[in-house]
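Structural characterization, general
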Amino acid sequence: MKKTSLLRNICLMGMVAVCLSAFAAKANKSVNITVDGTVRSYWLYVPDNCQKSAPVVFALHGASGHSTDKSPHFNPIADREGFIVVYPQGEPIFFPVFGGTVTGWDATGEVNKDVAFVKAIIDELDKAYTIDHKRLYCCGFSNGGMMTYAMSNACSDIFAAFASISGFPLNEFHFRHTGARPVPFLHIHGKNDDFVKYSLMPVIRDEIVARNGANPVAKKTSVAGKYDKSVYEAADGSFPYIYYEIDGMGHNDFTANTEDGSSSQTMWNFFKQYTLDTPCDKTLKWAPRIEQPGFDPSQHGWTTNSGNTLLLFGDERQDDGNHNVYHSLQFDKGRYRLTFKSAGTAGKTITVKIRRWSDNAKTVLSKTVTTGEDAAFDFDIDDGWGQYQITFQRTSATDNITITDIRIHSLSSDESSVGRLPSADGRPSVDAYYSLSGTRIGKPAKGLAICLMSDGTVRKMLTDN
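For clarity, every value in this text was computed on a predicted model and none was experimentally measured.

So, how was this worked out
Residues numbered from 1 in each chain as written. Predicted model: local features only at pLDDT ≥ 70, side-chain atom pairs only at ≥ 80, totals over all residues. Heavy atoms only, no water. Helix = DSSP H or I, 4+ residues; strand = E, 2+ residues; numbered from the N terminus. Buried < 20%, exposed > 50% of the residue type's maximum accessible area, 1.4 Å probe, protein only. Contact = heavy atoms within 4.5 Å. Areas by Shrake-Rupley, 256 points an atom, 1.4 Å probe, with all protein chains shown as cover. Polar contact = N/O pair within 3.5 Å; in protein donor to acceptor, adjacent residues only side chain to side chain. Phe/Tyr/Trp six-rings, centres within 6.5 Å; stacked < 30°, edge-to-face > 60°. Lys NZ or Arg CZ within 6 Å of the ring centre and 35° of its normal. Expected span 1.5 Å × (residues − 1). Patch = residues over 30% accessible without salt bridge, like charges linked within 9 Å, V, L, I, M, F, W, Y side chains within 5 Å. Salt bridge = Lys/Arg side-chain N within 4 Å of Asp/Glu carboxyl O. Disulfide = S-S within 2.5 Å. Pairing = 2+ DSSP bridges. Axes fitted to C-alpha atoms, helices over the stretch in contact; angles between N-to-C directions.

On a plain count of helices and strands, the protein chain comes out with 6 helices and 27 strands. Here the protein chain holds 465 residues, and the buried ones make up 53% of them. For the protein chain, restricting intrachain contacts to residue pairs at least 6 apart in sequence, the fraction spanning at least 24 positions comes to 67%. Accessible surface for the protein chain amounts to roughly 20,000 Å². Of this, 50% is attributable to carbon and sulfur atoms.

As structure tokens, this is what we get:
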């Protein structure tokens, strides 16, 4: 009897050891992988205490960097928190700013070979480890930060949250912001950075805040000699954008001047709040919220009250001075709905137009409403990604009219529809309810709510009494 028990215990211990080895296999090595016939590589770090269902942080080096730089650096944090870190290796790319070819990332925002490389790494990790696909995160330094912004466009349905240090799209990488959903994003930049210019950051901030539909008036905190922190809070199914401006910092991949004493720790603390299941309105494509108290749209790329033009957004272009960093309204191919509210002198008319920037200046929407009406107009983009201009015109420059609550939503996916909640025996069922600002709530008695469905989808639904 005792011998049998001893053998049973030995077997159980062996099974536990096998299970632990499957989820805690230490790795700190370079890995080669073939993607579309090309051999690529990445540095893999798996801590001894790797979680059973492990989060993964992708950290992208800067131009001329290497995966062995391990930049931005997360290994000590991974040791404490039990997540996997991947440091991918960029390929040689011609950068005009360097006048030559160095390693880096094709940060166009399109689905390209670097995006395919990252997806292939995820597939490889899946074979060796049990990773949590709802807790994949992307960050980068300099050109790696540019690629992180690009990934927030091309891979918003893969990574749960994003962070950049000293990097945003400029020069040959104009900022694209037309992803599948709003994204949680954190940015850290040195006030002394004159390479990826700190002076251009306000435009990048404006663009992603509007794309996310976050509140454009930040809540700010400052610590003298260390940082200014601006939190552009989530609103109505969106996500926040958090921006650190670091005192005394130039073009670097690390700073100790955050409240955590480590920029990498600050990124991780931000990441771990979010999963791909964190509710948001996936149909939300643009909500500038120009009516917020304390926000002056004329300081953020808008023309306001200029003759018959009430509002205009999207008339800038690349020039030598702006380094390809400028305000623009962008769409991918699909069907969209513009909504807004108007107020002012009764009986006046407002004409709204959306037209593409091109030689032909194609108009995709031209509609007229009367003051006081809540407008809702559908339009189609049928020729791929492009940049657009939106204008609101009044009949006379003396007409007293205001436009508020401008929003553009996608109507090209299942999430665009507003349906009734399924009955008790319907499928799929509702697992959880959230307010439009993303806060978990009980089942509302009546009204619009974001619902996490049993099949993993997130939908906006109307509830009944």
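So that's the structure; there's more coming.
Here the focus is the side chain of Thr-255. Tracing the backbone shows Thr-255 in the loop between strand E12 (241-246) and helix H6 (263-271). You can call Thr-255 buried: its relative accessible area is 7%. A polar atom in the side chain of Thr-255 sits 3.0 Å from the backbone nitrogen of Asn-257. Residues within four places of Thr-255 in sequence aside, it is in contact with Ile-165, Ile-188, Ile-246, Met-249, Gly-261, Ser-262 and Ser-263.

This model, assessed by the stated rule, comprises 27 aromatic pairs. Ring centres 5.0 Å apart and planes at 10° place the aromatic pair Tyr-137 and Phe-271 in the stacked group. Here Phe-271 lies in helix H6 and Tyr-137 lies in strand E7 (residues 131-141), a separation of 134 residues in the sequence. Here a set of aromatic residues connected by ring pairs shows up, and it is made of Phe-58, Tyr-149, Phe-159, Phe-162, Phe-175, Phe-185, Tyr-232 and Tyr-241. One cation-aromatic arrangement involves Arg-176 over Trp-385; the distance from NZ or CZ to the ring centre is 3.8 Å. Above the face of the Trp-357 ring, Arg-317 is positioned so that its terminal group lies 3.8 Å from the ring centre.

It is worth spelling out helix H5 (residues 201-212) at this point. A rise of 1.5 Å per residue sets the reference length of H5, with its 12 residues, at 16 Å; its end C-alpha atoms lie 16 Å apart and thus fit the reference within 8%. Counted residue by residue, H5 has 11 buried out of 12 residues, so it is predominantly covered. If you check which residues of H5 are buried, you get Met-201, Val-203, Ile-204, Arg-205, Asp-206, Glu-207, Ile-208, Val-209, Ala-210, Arg-211 and Asn-212. Buried residues in H5 make contact with helix H4 (143-154), strand E9 (185-190), strand E11 (227-232), E12, strand E13 (284-286) and strand E15 (309-313).

This next bit is on a nonpolar patch on the surface. On the surface, Val-97, Phe-98 and Phe-195 cluster together into a nonpolar patch covering about 270 Å² of accessible area. Mapped onto the fold, Val-97 is located in the loop between strand E5 (91-95) and strand E6 (100-104).

So, on to the state of the cysteines. Overall, the coordinates contain 0 disulfides when judged by the stated rule. Of all cysteine sulfurs in the structure, the one in Cys-139 sits closest to Cys-138, which takes part in no disulfide; the separation is 6.6 Å. Residue class for Cys-138 comes out buried when judged on its relative accessible area of 1%. There is no disulfide at Cys-155, and the cysteine sulfur nearest it, in Cys-138, is 7.9 Å away. By relative accessible area, Cys-155 is classed as buried at 0%.

Note that the residue after Ser-71, namely Pro-72, is joined by a cis bond; omega there is -10°. A positive phi angle, near 50°, is found at Asp-36, a position not held by glycine. On the secondary structure map, Asp-36 appears in the loop between strand E1 (27-35) and strand E2 (38-46). Overall, the relative accessible area of 72% leaves Asp-36 in the exposed class. Even without being glycine, Ser-166 reaches a positive phi, approximately 60°. Looking at the element boundaries, Ser-166 is found in the loop between strand E8 (161-165) and E9.

Let us look at the sheet that holds E12. An order of E1-E2-E4-E3-E7-E8-E9-E12-E11-E10 is seen for the 10 strands of this open sheet, with the pairing classed as mixed. Only two strands of the sheet have a single neighbouring strand rather than two, namely E1 and strand E10 (219-223). Within the sheet, the average angular offset between the axes of one strand and its neighbour, ignoring direction, is 20°. Taken together, the 9 bridges between E1 and E2 define a ladder with antiparallel strand orientation. Residue pairing across strands places Asn-32 opposite Ser-41, the latter belonging to E2.

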